[in-house]
Amino acid sequence: MTDAQRPPIVAYGPLYPYLTQQLERRFTVHAVAADADLAALPPPVREARALVSFGSVGASAAAMDALPRLEMIGLFSVGYDKVDVDHARANGIRVTNTPDVLTDDVADLAVGLLYATIRNIAANDRMVRSGAWARGGKPPLSGRVTGSRIGILGLGRIGRAIAKRLEPVAGEILYHNRREAVDTPYRYVADPIDFARASDVLIVATSGGPEAAKLVDTAMLDALGPEGVIVNISRGGVIDEEAMVAALADKRIAGAGLDVFAHEPHVPEALLTMDHVVLQPHQGSATVHTRKAMADLVLANLDAWFAGEKLLTPVV
Ligand code: 8YV
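Below is a short write-up of the structure. Just so it is clear, the model here is predicted, and its values are computed rather than measured.

**Quick look at the layout of surface pockets**
Approximately 400 Å³ is the volume attributed to the second largest pocket. Residue lining of the second largest pocket: 18 residues in total, with D81, K82, R235, F261 and A262 positioned closest to the centre. Classifying every residue of the lining of the second largest pocket gives five nonpolar, nine polar and four charged. Counting residues domain by domain, the lining of the second largest pocket receives three or more from each of domain 1 (3-101 + 288-306) and domain 2 (103-279).

**So, the sheet that holds strand β7 (residues 172-176)**
The seven strands lie next to each other as β8-β7-β6-β9-β10-β11-β12, forming an open sheet whose pairing is parallel. Edge positions in the sheet fall to β8 (187-188) and β12 (277-279), since each has one partner strand and no second. With two bridges connecting them, β7 and β8 associate as parallel partners. Across the sheet, the residue bridging to Y175 is Y188, located in β8. Running over the sheet, helix α7 (residues 157-166) touches β6 (149-153), β7 and β9 (201-204) and is turned about 170° from β6.

**Describing the site of the ligand**
By nearness alone, every residue bordering the ligand is listed as F54, G55, F76, S77, V78, G79, L102, R235, H282, S285, R291 and M294. V78 places a polar main-chain atom, nitrogen or oxygen, 2.8 Å from an oxygen atom of the ligand. Between the ligand and S285 there is a distance of 2.7 Å, counted from an oxygen atom to a side-chain nitrogen or oxygen. Burial of the ligand by the protein amounts to 86% of the accessible area it has alone, namely 330 Å². Counted by class, the shell around the ligand contains five nonpolar, five polar and two charged residues.

**Overview of the packing of aromatic side chains**
Counted by the stated rule, this structure contains four aromatic pairs. Seen in terms of ring centroids, Y175 and Y188 are 5.2 Å apart; in terms of plane orientation they differ by 45°. Their pairing is tilted. Within this pair, whereas Y175 is found in strand β7, its partner Y188 is found in strand β8, the two being separated by 13 residues in sequence. Here the aromatic cluster, defined as three or more aromatic residues joined through ring pairs, consists of Y16, Y18 and F76.

Calculation notes
Residues numbered from 1 in each chain as written. Predicted model: local features only at pLDDT ≥ 70, side-chain atom pairs only at ≥ 80, totals over all residues. Heavy atoms only, no water. 1 Å grid on protein atoms, 1.4 Å probe; cavity = no way out; pocket = protein on both sides within 12 Å on 5 of 7 lines; lining within 4 Å. Points joined across faces, edges and corners; volume = space filled by probe spheres on them. Nonpolar A, V, L, I, M, F, W, Y, C, P; charged D, E, K, R; others polar. Domains from an automatic or database assignment. Pairing = 2+ DSSP bridges. Helix = DSSP H or I, 4+ residues; strand = E, 2+ residues; numbered from the N terminus. Contact = heavy atoms within 4.5 Å. Axes fitted to C-alpha atoms, helices over the stretch in contact; angles between N-to-C directions. Near = heavy atom within 4 Å. Polar contact = N/O pair within 3.5 Å; in protein donor to acceptor, adjacent residues only side chain to side chain. Areas by Shrake-Rupley, 256 points an atom, 1.4 Å probe, with all protein chains shown as cover. Phe/Tyr/Trp six-rings, centres within 6.5 Å; stacked < 30°, edge-to-face > 60°.

Now the structure itself:
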């Protein structure tokens, strides 16, 4: 088969099996490990015209430069914070991601983490399983979700979906963005410290990337306060993880529900023994339904590109 009939592409890192299977039907697929020596890619791989990657791997400038015929990067993720988009743009490389198809599942998990954290669901489950309840143990009284002031950090697609889910129970929904949104009923708080101080729950739903690095710092955590809870379904790097661990250890915040971490899959050791913390292994979009939808969207973008048609969800 010619290059035109089965264009050569790179599968960058371990991809969702269904996606790999479908790619192999369409393309000549070269699997490249995320930590591969890019300077040593064999000639057939260097012929790749597209690269498929995902949130935690992305595509660096070096990866793009190692593939001189690269035309397009298809991401199996909505987050593209690990892609050097400026380098892609400067080199005429298109980039697509998978927005919208995963919004509901990520928002569902955020709400689930919120309830699990505030109502101590994971700790109480462990208490029952350990036999402590049967031996007369009494679980501590919890906080409550209903009536609480929900602060959304980053009112984008996912932030709005979370807010919509919590509208019926929240005492108030407020948000903090770089700029005020025009089409929303929620209260905008321009100053991040005022925002944290006005929230009982702070849900991190903003995009990742260098401009958001450690946005939630000690000052914000202290403003959230000893009855405050933080939930993160965005990127671990948006929170100063060391500062959060210290605030949790000192009970300067009441709890945390975390689906993402600064150095995945590694989680700070101290968090593993904290009963007021609920941990998830980056499961936001990890449903059968949504992972297939994400894969189909990656494939649709690749098919469009190689058919000379308009990309469905371009980032660059
Ligand atoms: C992961 C995500 O990319 O969409 C994103 O940005 O963080 C997740 O959907 C997904 O788990 C694939 O690794």
